[in-house]
Amino acid sequence: MLPREILEILDCKHLKLATIWAPPPPGNNASPSLNHDTSVPDTPFNPPINQLPHHTSPQCLNNHPNPHTAQDQGHRHTSAPRLRNYASALKAGTVVSVGRMDRTVGVCHRHTIWDRHIRKFYPKETHYLVSDPRNSLREGDVIEFSSGAPKSRNVHHVVERIVTPFGVAIADRPAVLSKAEREAERETRWAAKYLRRESKRLGREVDLVKEAAKAGVPVPQNQVLSTAQLIHRIHAENERVGKVKRIVQERVAESERITQERLKEAEQ
């Protein structure tokens, strides 16, 4: 009768393969094979075990407070923002199409994607329509562009700077608008739209200086204010907030209130 543990040696001379078989313990139907590696390779989506994030207890949060929390609490939701702030991400690409649309170019962004099935990175090209406010770009330019600037249904990016020009020097082209200049133009368009809307609603032209005097916000004679600044002074904190923006602000405020209550409960 054979012993309970069987030792099979396939190559006695070189000892290339040896396997030991033992019956599995009762109640355990699945056991890994000796030749099967159950470890998961380290990938961007499977980091090593010693680098996995761990949960932080409330005591650790109290011992290491966030230095920005106290400063931000006094400035959150004090007034409705004048213009919507969009999330932005910076990308680099090459201009491949110019002249088909006014103040809009086609840009090829080369990057890599992770294939979950093959578990490997592959190169990929993604084409974007990028806004060029002053027609500063030429075909072949390497540029940096950012998202979060919706211009139309298909244009959601804007050029930030020219990294490497092609053909024509940067000095011989119209300058690329900076973010501050774009925001100033955007606010100017918003103020013009506000005046048109109010003039149509009241049936007369709106004089912002007189409106400011009626609202009790006199404008000093030695101070020059833009149309947008006058509008903000007249309305102060009571600026018009759209339906979607109001819902977002209410939900964010409720989420922060719940977070503060949980932190107080943890401290107790």
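It should be emphasised that the depicted structure is a prediction, and the values quoted were computed from it without experimental measurement.

Engineer: Give me the overall build of the protein chain: which residues, what numbers.
Structural biologist: Counting secondary structure elements, the protein chain contains 6 helices and 7 strands. Counting from the amino terminus, the protein chain carries its helices and strands in the arrangement β-β-α-α-β-β-β-β-β-α-α-α-α. Counting only residues that meet the buried cut, the protein chain has 18% of its 268 residues in that class. A sequence separation of at least 24 residues applies to 51% of the contacts in the protein chain between residues at least 6 apart. Of the roughly 21300 Å² of accessible surface on the protein chain, a fraction of 53% belongs to carbon and sulfur atoms.

Engineer: Could you give an account of a nonpolar patch on the surface, with specific residues and numbers?
Structural biologist: Nonpolar side chains collect at one region of the surface, where Ile113, Ile118 and Tyr122 lie side by side and expose about 250 Å² of accessible area between them. Its place among the elements puts isoleucine 113 in strand β4 (residues 104-115).

Engineer: Would you mind going over the pattern of salt bridges in detail, with residue names and values included?
Structural biologist: Applying the stated criterion to the full structure yields 10 salt bridges. Notably, a salt bridge pairs aspartate 102 with arginine 103, separated by 3.5 Å at the nearest N-O pair. Connected through salt bridges with shared partners, the residues Glu254, Arg257 and Glu261 form a single ionic network.

Engineer: Summarise unusual backbone geometry; cite the residues concerned and give the values.
Structural biologist: Positive phi values are uncommon outside glycine, yet arginine 119 reaches one of about 60°. Here arginine 119 shows up in the loop between β4 and β5 (120-131). Using a relative accessible area of 35% as the deciding quantity, one classes arginine 119 as partly exposed. Residues other than glycine seldom take positive phi values, yet asparagine 135 does so here, at roughly 50°. Here asparagine 135 falls in the partly exposed class, since its relative accessible area comes to 36%.

Engineer: Lay out the environment of glutamate 160 in plain terms, naming residues and giving numbers.
Structural biologist: Looking at the element boundaries, glutamate 160 is found in strand β7 (residues 157-164). Judged by its relative accessible area of 24%, glutamate 160 falls in the partly exposed class. Once the C-alpha coordinates of glutamate 160 and aspartate 132 are considered, the two residues, 28 residues apart in sequence, prove to be 9.2 Å apart. Here glutamate 160 is in contact with Leu90, Glu144, Phe145, Ser146, Val176, Leu177 and Arg182, once residues within four sequence places are set aside. Within the structure, the side chain of glutamate 160 is placed 2.5 Å from the side chain of serine 146, a separation counted as a polar contact. Among the polar contacts listed, one links the side chain of glutamate 160 to the side chain of arginine 182, at a separation of 3.1 Å.

Engineer: An account of the packing of aromatic side chains is requested, with residue identities and associated values reported.
Structural biologist: Scanning the entire structure with this criterion turns up 3 aromatic pairs. Above the plane of the ring of tyrosine 128 lies lysine 91, whose end atom (NZ or CZ) is 5.5 Å from the centre.

Engineer: For the pairing of β7, give the residues involved together with the corresponding values.
Structural biologist: In the sheet, β5 pairs with β7 via 2 bridges, with the strands oriented parallel. Across the sheet, the residue bridging to valine 130 is histidine 157, located in β7. Sheet analysis places strand β6 (residues 142-147) next to β7, joined by 6 bridges and oriented antiparallel. Residue serine 146 lies in a different strand from β7, and its bridge partner there is valine 158.

Engineer: Account for the side chain of threonine 104, naming residues and giving values.
Structural biologist: Checked against the element boundaries, threonine 104 lands in strand β4. In contact with threonine 104, other than residues within four places in its own chain, are Leu129, Val130, Asp132 and Val155.

Engineer: How would you summarise the sheet that holds strand β3 (residues 90-101) if you had to cite specific residues and measurements?
Structural biologist: Within the closed barrel, the 5 strands sit side by side as β3-β4-β5-β7-β6. Their pairing is mixed. Each strand of the sheet is rotated relative to its neighbour by a mean of 45°, with strand direction disregarded. Here 4 bridges tie β3 to β4, and the two strands are oriented antiparallel to one another. Among the inter-strand pairings, serine 97 is bridged to a residue of β4, identified as glycine 106.

Engineer: Account for the side chain of serine 136, naming residues and giving values.
Structural biologist: Within the fold, serine 136 resides in the loop between β5 and β6. Here the side chain of serine 136 touches proline 174 through a polar contact of 2.7 Å, landing on its backbone oxygen.

Engineer: Got a sec to walk through the packing of helix α3 (residues 179-202) against helix α5 (residues 227-235)? Specific residues and values, please.
Structural biologist: Running from amino to carboxyl end, α3 crosses α5 at an angle of 60°, the nearest separation of the two axes being 8 Å. One element, α3, and the other, α5, form an angle in the oblique class. Classified by chirality, the crossing of α5 by α3 is left-handed. Each of Glu187, Trp190, Ala191, Tyr194 and Leu195 in α3 lies in contact with α5, whose residues at this interface are Thr227, Ala228, Ile231, His232 and His235. Partitioned by chemical class, the residues of the contact of α3 with α5 number 6 nonpolar, 3 polar and 1 charged.

Reading the values: the criteria
- All residue numbers refer to position in the chain's written sequence, counted from 1.
- Given that this is a predicted model, residues contribute local features only at a pLDDT of at least 70 and side-chain atom pairs are listed and counted only at 80 or more, while totals for whole chains, interfaces and linings are drawn from all residues.
- Neither water nor hydrogens contribute to the side-chain values; these are computed over all heavy atoms in the structure.
- Helical segments are the DSSP runs of H or I of at least four residues, strand segments are the runs of E of at least two, and each set is numbered from the N terminus.
- Buried residues are those whose accessible area, probed at 1.4 Å on protein chains only, stays under 20% of the maximum for their type, while exposed residues exceed 50% and partly exposed ones sit between those limits.
- A contact between two residues is defined here by any heavy atoms of the two lying within 4.5 Å.
- Working definition of accessibility: Shrake-Rupley area with a 1.4 Å probe, residue cover restricted to the visible protein chains.
- Patch membership is restricted to residues that have no salt bridge and whose relative accessible area is over 30%. Joining uses 9 Å for like charges and 5 Å for the nonpolar side chains Val, Leu, Ile, Met, Phe, Trp and Tyr.
- The salt bridge criterion pairs a side-chain nitrogen of Lys or Arg with a carboxyl oxygen of Asp or Glu, the two atoms within 4 Å.
- The definition of a polar contact used here is a pair of N or O atoms within 3.5 Å, where within protein one atom must be able to donate a hydrogen and the other to accept one, and adjacent residues in sequence count solely through side-chain atom pairs.
- For this analysis, a ring pair means two rings from Phe, Tyr or Trp (six-membered ring only for Trp) whose centres lie within 6.5 Å, classed as stacked if their planes differ by under 30 degrees, edge-to-face if by over 60, and tilted for the remaining angles.
- Ring-over charges, as used throughout, are those where CZ of Arg or NZ of Lys falls within 6 Å of the ring centre and within 35 degrees of the ring normal.
- Should DSSP find at least two bridges between two strands, the strands are taken to pair.
- Helix axes are fitted to C-alpha atoms over the stretch in contact, other axes to C-alpha atoms as well, and angles between N-to-C directions run from 0 to 180 degrees.
- Any angle between 65 and 115 degrees counts as roughly perpendicular, while under 35 counts as roughly parallel, over 145 as roughly antiparallel, and the rest as oblique.
- Working rule for handedness: look at the near helix, and if it is turned counterclockwise from the far one by less than a right angle, call the crossing left-handed; if clockwise, right-handed.
- The classification used treats Ala, Val, Leu, Ile, Met, Phe, Trp, Tyr, Cys and Pro as nonpolar, Asp, Glu, Lys and Arg as charged, and all other residues, Gly among them, as polar.

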